[in-house]
Amino acid sequence: MLELLVPAGNEETANYAIDSGADAIYLGLTAFSARASAENFDEEGLARILRRAHAFGVKVYVAMNISVKNAELNMFLQTAVKAHDMGADAIILQDIFIGKYLHEKYPQMVLHLSTQAGTNNLYGARLAKEYGFSRVILARETPIEEIEEIASFMETEAFIQGALCTCFSGQCYLSGFAGGNSGNRGRCKQPCRKKYSYDRAGYEEKAYALSLADLSVGENIKKYVSAGVVSFKIEGRMRRPEYVAAAVKYYRALLEGSDSRKQLSALKRTYNRNNYTQGLAFGQDKRFLSRDIQGHIGEKVGVVMMRNRRAYCESNFQSRKGDCFKIIRKGKEVGGGVFEEKDGRGFYLSSRARLQNGDGVFVTTDTTLNESLLKGERRLPLTVSARFREGERAVISTESYTFISEEVLQSAKSRPLTKEELKTCLKKSEWYDAAFEEIVVEGNIFIPKSALNEMRRRFYAGVEGAGRKKRAVYAAEAFNAEVPRGENKKVAVISDTSVPCDIFIFKPKDYADEKAYGILSEVKAEKYLYLPPFLSQKDMRLFEDKLSLFDGVYAECFWGIAYAREKGKALFAGTGFNLMNALSVSSLQGVAKYYAISKELDNAELRELCAQNAFSLSAGNIKVMDLIYCPFEKTCDKCDRRERYSLTDENDRVFPVRRYLLSSCRFEVYNCAPLVSDAKDAGKLVDLSLIENKKEVLKNIFDPLALKKIFKNYTFGHSDKTVL
């Protein structure tokens with residue numbers, strides 16, 4: 001059965017999602033939510049929504065898809081177990097090792113692997129299934145041919161609507177390094193929605209250079225169905241209830257094959273960033289980037305006509321007080337506007353901006369539409385019978401459940417119970433709409449109103465419970481294992497040219513370039529091939545015959561575990577694993593020969609995770625984003641094909657951008673300043689991807705003062721101050 005999966009940032013939105021016809025909802029808790037700024041759910045709120053959702057046959061998935069620090073680990077485990085025990089239909093996790101542990105300890109807990117885990121190929125799906133996950137939530141960048149292969153192997157969920165992250169799923173560190181709040185921990189400051197310029201012709205002007213349009217796959221949802229996807233996810237735990245309702249109605253119409261034009265119009269009016277993109281599953285389209293306009297643009301309803309210095313819009317749209325608009329001129333936002341008064345075949349609007357003839361008028365708040373979207377509480381039809389006979393126990397029944405009172409019904413001393421009073425009482429229900437098949441009231445029955453109400457409550461509680469599957473209830477166990485401590489003096493270097501080191505991680509500019517691999521003959525160290533976090537089968541074929549030149553692979557994503565094992569290569573688990581806790585590090589012992597600790601931890605947190613095979617990023621470049629699209633809008637015929645660009649923000653900070661080649665161009669964004677860290681215990685991982693004087697840096701790698709002089713502009717990263 002196909003599932004329409006809907007976001008719920010709070011109880012109000014969750015209830016509207018249920019009323020609108022969602023098959024499942026996903027939500028976050030007050031702790032460990034990847035949307036920390038949403039209202040989220042406390043224990044009481046979760047209990048309420050679980051009751052109502054399950055009454056309507058709607059599943060509830062609890063999203064705990066953040067990176068978990070060591071100090072938080074046991075509380076995180078307890079929270080996951082508690083959510084399961086309360087009735088959550090699945091727990092969504094980012095950390096695949098925590099999932100493996102939970103599956104082994106609590107086998108009836110259903111686990112879904114978050115998009116933050118970056119599953120974009122069959123290797124990731126294989127590992128997820130092996131570790132106990134029943135479903136993978138695909139990385140948004142996964143192409144349709146890879147989706148089909150993954151979906152044939154295990155249950156698969158894909159995003160169909162909502163905001164897109166510019167960085168590859170789970171690999172963004174820009175918010176952490178630019179603002180101290182980690183996107184991987186649910187506190188993203190959204191630096192990608194700010195203005196930047198590139199040092200390339202045509203892109204020098206400040207624009208929303210990293211901002212992507214909202215995803216809306218529309219009719220292409222049928223291609224997902226054909227590929228075998230079973231769950232279709234709408235993003236938007238921060239969005240308003242009317243958006244959620246409109247999205248459900250639109251995709252329900254598409255899945256049912258009915259005319260969806262009216263529903264698409266409603267969706268655009270509730271939230272629409274840049275008239276939508278169909279996403280990377282089908283290739284980068286012209287609307288993928290939203291360089292000129294940030295935020296909701298709504299739907300066009302007309303153009304401005306200036307009348308006696310007043311802005312008039314001739315339109316079929318029946319505007320009214322409370323409606324809001326965005327004004328767009330030559331593709332760029334001019335300002336906002338509000339309804340002023342109706343006149344003839346249109347309306348006047350007021351705006352602080354100076355409007356001109358021909359300016360586009362886009363409705364962003366349609367009050368009439370919003371009211372209609374949020375109208376009508378969903379009710380469940382229920383056929384009820386009741387038998388109340390003097391001297392017998394009361395019986396209230398439906399097809400699935402029968403309630404029998406403990407007490408025998410007594411004779412009335414004054415006014416007896418009537419059939420209409422009993423019906424009126426049984427009609428009172430939170431979400432059931434009772435119809436009566438047989439109501440019997442015989443004799444002069446006395447029953448206190450409070451007792452009758454209690455019978456009704458127990459009856460409806462029994463009806464709810466009758467359809468509920470029994471599940472194991474667990475007591476959460478503390479994770480007490482410690483990482484086997486040890487000191488590591490090795491130096492591992494990421495570079496595309498030969499340098500002196502203990503472990504050489506080769507990161508080519510072009511993975512298909514035969515000549516590039518010639519430098520490996522000069523390397524006297526252990527050799528590892530750098531695997532970026534996103535790799536398709538098409539990408540992997542480019543270097544498969546080169547693997548024999550390497551001792552192992554350095555992988556930036558969990559799927560690298562399965563890949564290294566199949567290829568018979570040692571594994572270096574890179575910083576992209578974002579290892580933050582002892583459970584995850586312990587799980588890698590015996591799986592990875594080496595591992596890198598998260599670059600978002602401070603020195604004290606890092607020290608707790610240092611075994612003899614541990615590394616920490618200690619010097620050089622800090623990669624903060626992987627872009628699996630062309631930031632220059634695929635203008636290939638005009639491309640200068642440089643290996644390096646610069647991205648400058650509104651504060652004139654310059655972020656280097658590296659272009660490299662696989663089956664297509666890919667881009668990496670680096671922090672505005674290189675790293676100098678004095679972290680001890682762990683081996684030194686040095687990223688020299690963009691460093692010119694590589695040998696000088698390595699010569700002074702154990703001397704932070706010398707490195708400061710070499711770099712001049714540098715950062716200590718999170719050495720002294722961890723991310724939130």
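Residues numbered from 1 in each chain as written. Predicted model: local features only at pLDDT ≥ 70, side-chain atom pairs only at ≥ 80, totals over all residues. Heavy atoms only, no water.

(A) Seen up close, the overall build of the protein. For the protein, the helix and strand inventory stands at 19 helices and 35 strands. Against the globule reference of 27 Å for 724 residues, the protein gives a C-alpha radius of gyration of 30 Å, in line with a compact fold. Referenced to the eigenvectors of the C-alpha coordinate spread, the extents of the protein come out at roughly 100 × 75 × 45 Å. Looking at the protein as a whole, 59% of its 724 residues qualify as buried. Counting only contacts in the protein whose residues sit at least 6 apart along the sequence, the fraction spanning at least 24 positions is 67%. (Helix = DSSP H or I, 4+ residues; strand = E, 2+ residues; numbered from the N terminus. Rg over C-alpha atoms; globule rule 2.2 N^0.38 Å. Buried < 20%, exposed > 50% of the residue type's maximum accessible area, 1.4 Å probe, protein only. Contact = heavy atoms within 4.5 Å.)

(B) Structural view of the packing of aromatic side chains. In the structure shown here, the tally under the stated rule is 38 aromatic pairs. With centroids separated by 6.2 Å and ring planes inclined at 40°, the aromatic side chains of Phe339 and Phe347 adopt a geometry described as tilted. Each member of the pair, Phe339 together with Phe347, is buried. Ring centres 6.3 Å apart and planes at 20° place the aromatic pair Phe506 and Phe550 in the stacked group. One end of the pair, Phe506, is in strand β24 (residues 503-506); the other, Phe550, is in the loop between α14 (537-540) and β26 (552-555), and 44 residues separate them in sequence. Given a relative accessible area of 1%, Phe506 falls into the buried group. Counting every residue linked through ring pairs, the aromatic cluster contains Tyr528, Tyr530, Tyr554, Phe572, Tyr594 and Phe615. One Lys or Arg, Arg140, reaches over the ring of Phe159 and ends 3.8 Å from the middle of that ring. Above the plane of the ring of Tyr173 lies Lys599, whose end atom (NZ or CZ) is 4.4 Å from the centre. (Phe/Tyr/Trp six-rings, centres within 6.5 Å; stacked < 30°, edge-to-face > 60°. Lys NZ or Arg CZ within 6 Å of the ring centre and 35° of its normal.)

(C) Broad picture of the environment of Ala71. Assignment of secondary structure puts Ala71 in the loop between β3 (59-64) and α3 (73-86). We classify Ala71 as exposed; its relative accessible area is 81%. In this structure the C-alpha to C-alpha distance between Ala71 and Glu605, which are 534 residues apart in sequence, comes to 8.7 Å.

(D) Spatial organisation of the sheet that holds strand β17 (residues 380-389). If you walk across this open sheet you meet the four strands as β19-β18-β17-β21, and the pairing is mixed. The sheet is open, and its two edges are formed by β19 (402-408) and β21 (432-442), each paired on a single side. Along the sheet, successive strands turn relative to each other by an average axial angle of 15°, direction set aside. Running over the sheet, helix α12 (residues 419-427) touches β17, β18 (393-397) and β21 and is turned about 155° from β21. (Pairing = 2+ DSSP bridges. Axes fitted to C-alpha atoms, helices over the stretch in contact; angles between N-to-C directions.)

(E) Representation of helix α4 (residues 96-105). Of all the positions in α4, only Ile96, Phe97, Ile98, Gly99, Tyr101 and Leu102 are classed as buried. The secondary structure elements touched by the buried residues of α4 are α3, β4 (90-93), β5 (111-113), α5 (122-130), α15 (560-567) and α16 (582-588). For α4, the side-chain oxygen to backbone nitrogen distance between the N-cap and Phe97 is 2.9 Å, and the N-cap itself is Asp95. (Polar contact = N/O pair within 3.5 Å; in protein donor to acceptor, adjacent residues only side chain to side chain.)

(F) Looking closely at the pattern of salt bridges. Counted according to the given criterion, the structure contains 59 salt bridges. Its salt-bridge partner being Arg307, residue Asp343 comes within 3.5 Å of it at the nearest N-O pair. Of this pair, Asp343 sits in strand β14 (residues 332-343) while Arg307 sits in strand β11 (residues 299-307), placing them 36 residues apart in sequence. By relative accessible area, which is 34% here, Asp343 ends up partly exposed. Its relative accessible area of 29% is what places Arg307 among the partly exposed residues. Put simply, Glu668 and Lys623 hold a salt bridge, and the shortest N to O gap is 3.9 Å. You can see Glu668 sitting in strand β33 (residues 665-670) and its partner Lys623 sitting in strand β30 (residues 623-627), a full 45 residues away along the chain. The buried category is assigned to Glu668, whose relative accessible area is 0%. Within this structure, Lys507, Glu556, Lys623, Asp626, Arg658 and Glu668 form a network of salt bridges that share partners. (Salt bridge = Lys/Arg side-chain N within 4 Å of Asp/Glu carboxyl O.)

(G) Region of interest: the nonpolar core. With 226 residues, the main nonpolar core has Ile25, Phe388 and Phe543 as its most contacted residues. Considering every element that reaches this core, the biggest residue donor is helix α9 (residues 241-256), with nine residues. When near neighbours in sequence (up to four residues on either side) are disregarded, Phe543 contacts Tyr511, Tyr517, Leu529, Leu531, Leu535, Tyr563 and Leu662. Core analysis: the second largest hydrophobic core is formed by 13 residues, Val301, Cys313, Ile327 and Val363 among them. (Core = buried A, V, L, I, M, F, W, Y, C linked by side-chain atoms within 4.5 Å.)

(H) How the structure looks around the environment of Ala158. Tracing the backbone shows Ala158 in strand β7 (residues 155-162). Filtering out sequence-adjacent residues up to four positions away, Ala158 remains in contact with Leu138, Tyr224, Val229, Ser231, Phe232 and Lys233.

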